[in-house]
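Structure assessment
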Amino acid sequence: MKSIQILFMLTIVALTHAIAQKDPAAKEVLDAMSEKYQKIPAFRAQFSYTMEDDSDEIDEGFKGTILVKGDKYKLIMDEQEVTFDGSDIYTYLKEENEITISSFDPEEEEISLSNIFNIYKEGYKYVYTESKNNGTTDVVDLVPEDRDKEYFKIRMEIAASDKSLKSFKVFDKSGSRYLYKVLSFKEDATITDKTFAYDKAKFQGAEVIDFR
């Protein structure tokens, strides 16, 4: 029994050491994916989001569209619209007809399709986990170096053929999992800086709450 316990502990140590490194195989896949998307000036993507929590038997989600150009993005969902113009974030709640404006804080930025392609480059270690679906999908795990993060892992599934991102799942320390799937993706030359500019005329009558 003691030998089994020792073997188990050695296995855990080995796995911990492996995932704490910047795996060259994982870096190759991530770099190829990042390079692919960096070459695209602007894009439009449809996605699905699902939140799962086994302990509370929660399974909920929604679908949305995101427009991205450089650091700027517009997230469009049924109930709200979130726009980042490069300096401020505008959140429009449709049912309440209310707009909240806040200054951008990099430390509070959530993981999304606007930043996921380059997120691994700073503050993360990564490991190539597996090749699945008959070799058509590469699976890579990212682990934040900051142990105070509310999540402990991001699992990315990337198409082996063209290095396009198929999905990513965020594993929260509370036991929740947040899955984002890319349903469609295309370059969109009609997306310009004006796409993300705040237009007061578009929201006439809306209550504006400015936290800047």
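Above this text you will find the structure in question.
Presented here is an overview of the structure given in this document. (Residues numbered from 1 in each chain as written. Predicted model: local features only at pLDDT ≥ 70, side-chain atom pairs only at ≥ 80, totals over all residues. Heavy atoms only, no water.)

Counting its secondary structure elements, the protein chain contains two helices and 12 strands. Going residue by residue from the N terminus, the α and β elements of the protein chain occur as α-α-β-β-β-β-β-β-β-β-β-β-β-β. Expressed as a percentage of the 212 residues in the protein chain, the buried residues total 38%. By element, 50% of the accessible surface of the protein chain is carried by carbon and sulfur atoms, the whole surface being about 13,100 Å². (Helix = DSSP H or I, 4+ residues; strand = E, 2+ residues; numbered from the N terminus. Buried < 20%, exposed > 50% of the residue type's maximum accessible area, 1.4 Å probe, protein only. Areas by Shrake-Rupley, 256 points an atom, 1.4 Å probe, with all protein chains shown as cover.)

Attention now goes to the packing of aromatic side chains. Under the counting rule described, the total for this entry stands at 16 aromatic pairs. With a centroid separation of 5.1 Å and 75 degrees between ring planes, the pair formed by Tyr37 and Phe185 is classed as edge-to-face. Taken together, the residues span a long stretch of sequence, with Tyr37 in helix α2 (residues 24-38) and Phe185 in strand β11 (residues 177-187) at a distance of 148 residues. Assessed through its relative accessible area of 30%, Phe185 is described here as partly exposed. Against the face of Phe171 rests Lys153, its NZ or CZ located 4.4 Å from the ring centre. (Phe/Tyr/Trp six-rings, centres within 6.5 Å; stacked < 30°, edge-to-face > 60°. Lys NZ or Arg CZ within 6 Å of the ring centre and 35° of its normal.)

This paragraph deals with the environment of Glu60. One can find Glu60 in strand β2 (residues 58-69). Sequence-distant contacts of Glu60, that is, excluding residues within four places in its chain, are made with Tyr49, Thr50 and Met51. (Contact = heavy atoms within 4.5 Å.)

Within the element layout of this structure, Ser164 appears in the loop between β9 (151-159) and β10 (165-172). Polar contacts involving the side chain of Ser164 include one to the side chain of Asp162, which spans 2.8 Å. When residues no more than four places from it in sequence are discounted, the contact partners of Ser164 are Lys36, Tyr37, Glu157, Ile158 and Ala159. (Polar contact = N/O pair within 3.5 Å; in protein donor to acceptor, adjacent residues only side chain to side chain.)

Moving on, we come to α2. The first and last C-alpha atoms of α2 sit 20 Å apart over 15 residues, in line with the 21 Å expected at 1.5 Å per residue. Taken together, the buried positions of α2 are occupied by Ala26, Val29, Leu30, Met33, Ser34 and Tyr37. What you see down the axis of α2 is that its buried residues fit within an arc of 130 degrees, all on one side. Exposed side of α2, more than 90 degrees from the buried face: Pro24, Glu28 and Gln38 are the residues found there. Contacts from the buried residues of α2 go to β7 (124-132), β8 (137-144), β9, β10 and β11. (Expected span 1.5 Å × (residues − 1). Arc of directions from axis to C-beta.)

Glancing now at the environment of Lys125. Its place among the elements puts Lys125 in strand β7. Residues Lys125 and Asp141, 16 residues apart in the sequence, show an inter-C-alpha distance of 8.4 Å.

Turning to the side chain of Asp172, a few remarks are in order. Relative to the elements of secondary structure, Asp172 occurs in strand β10. Although Asp172 lies buried, it forms no salt bridge, and the closest oppositely charged side chain, Lys173, sits 8.5 Å away as judged by the N-O distance. Here Ser174 takes part through its side chain, which lies 2.7 Å from a polar atom of the side chain of Asp172. Setting aside chain neighbours within four positions, we find Asp172 in contact with Glu150, Tyr151, Phe152 and Tyr178. (Lys, Arg positive; Asp, Glu negative; His and termini not counted. Salt bridge = Lys/Arg side-chain N within 4 Å of Asp/Glu carboxyl O.)

To continue, consider unusual backbone geometry. In terms of backbone geometry, most residues other than glycine have negative phi values and most peptide bonds are trans. With a phi angle near 55 degrees, Asn133 is a residue other than glycine that sits in the positive phi range. With respect to the helices, strands and loops of the structure, Asn133 is situated in the loop between β7 and β8.

Right, let's get into the pattern of salt bridges. Should the charged atoms of two oppositely charged side chains come close, the side chains can pair. On inspection of all chains with the given rule, the structure shows 13 salt bridges. Lys27 serves as the salt-bridge partner of Asp31, at 2.6 Å between the closest nitrogen and oxygen. Here Lys27 and Asp31 lie together in helix α2, a separation of four residues that amounts to about one turn. Here the residues in one salt-bridge network are Lys69, Lys72 and Asp193, joined through shared partners.

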